[in-house]
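Residue-level listing of the chains:
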Amino acid sequence: MLWLLILAVSGLISLALYLFKWRPYRKIVSFRGRLLNRVNLARRKRQLRSLGRTRFLDKVAARHSKSMARRKHCDHHGFNTRSALIKRKAGLSYIAENCYMFPASRYDSHVAKKLVAGWLKSPGHRANLLNPEFRRTGIGIIVRKGYVYATQIFTD
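Below is a short write-up of the structure. Quantities reported herein were computed from a predicted structural model and do not represent experimental measurements. (Residues numbered from 1 in each chain as written. Predicted model: local features only at pLDDT ≥ 70, side-chain atom pairs only at ≥ 80, totals over all residues. Heavy atoms only, no water.)

**Thoughts on unusual backbone geometry**
Peptide bonds are, in most cases, trans, and in most cases residues other than glycine have a negative phi. Rule in force here: In this description a helix means any DSSP run of H or I spanning at least four residues, a strand means any run of E spanning at least two, and both kinds are numbered starting from the N terminus. Relative accessibility decides the category of a residue: with a 1.4 Å probe and only protein chains considered, values under 20% of the type maximum give buried, values over 50% give exposed, and everything between is partly exposed.
At Gln47, a residue that is not glycine, the phi angle is positive and equals roughly 60 degrees. Looking at the secondary structure, you find Gln47 in the loop between helix H2 (31-45) and strand E1 (52-53). Assessed through its relative accessible area of 72%, Gln47 is described here as exposed. Although it is not a glycine, Lys145 adopts a positive phi angle of roughly 50 degrees. Here Lys145 is to be found in the loop between strand E3 (136-144) and strand E4 (147-155). Here Lys145 falls in the exposed class, since its relative accessible area comes to 70%.

**Describing the sheet that holds strand E2 (residues 95-103)**
Threshold: Paired strands, as defined in this entry, are two strands with at least two bridges between them according to DSSP. In this description, contact between two residues means that some pair of their heavy atoms is separated by no more than 4.5 Å. Inter-axis angles, ranging from 0 to 180 degrees, are taken between N-to-C directions of lines fitted to C-alpha atoms, where helices are fitted over the stretch in contact.
The mixed open sheet is built from 4 strands, whose spatial order is E1-E3-E4-E2. The open sheet has two edge strands, E1 and E2, and neither has a second partner. Of the strand pairs in this sheet, E2 and E4 are connected by 9 bridges, and their pairing is antiparallel. The partner of Ile95 across the bridge, within E4, is Thr155. Helix-sheet contacts for helix H3 (residues 55-71) involve E1, E2, E3 and E4, and the interaxial angle to E3 is about 30 degrees. In the packing of helix H4 (residues 79-90) onto the sheet, the strands contacted are E2 and E4, and the crossing angle to E2 comes to about 130 degrees.

So this is what it looks like as structure tokens:
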């Protein structure tokens, strides 16, 4: 009976180690994860390291996406305020932002692909997305009244 318990525990430990080791490569199914998968795919194609998400940056990005949805307009309104907040709270100094307003009634992997393709066509957004100095990101996505509002914040 004891050997069965030891075998079960060792199996669980092995499984946990395997999943932890391969965690960055698993497909993420959340809204934010779909976009991050596309962004990181574009970065890896150019031999750049993948970005990691942080909860704090996700919250800041989500607030901006909600603000754009309320105003029914895509812009960088309030970026200096967001940047100052990130610098003060997280101690990060190099910050950039991409925003997008895309006509769609729901968010899925197709929309994520279109969002990243749109950013890659814009010189300023492309520079942010492919900047090798960025290591962290936050993503906020809101679907409202036929549009997807997306904000991605990049930082060192």
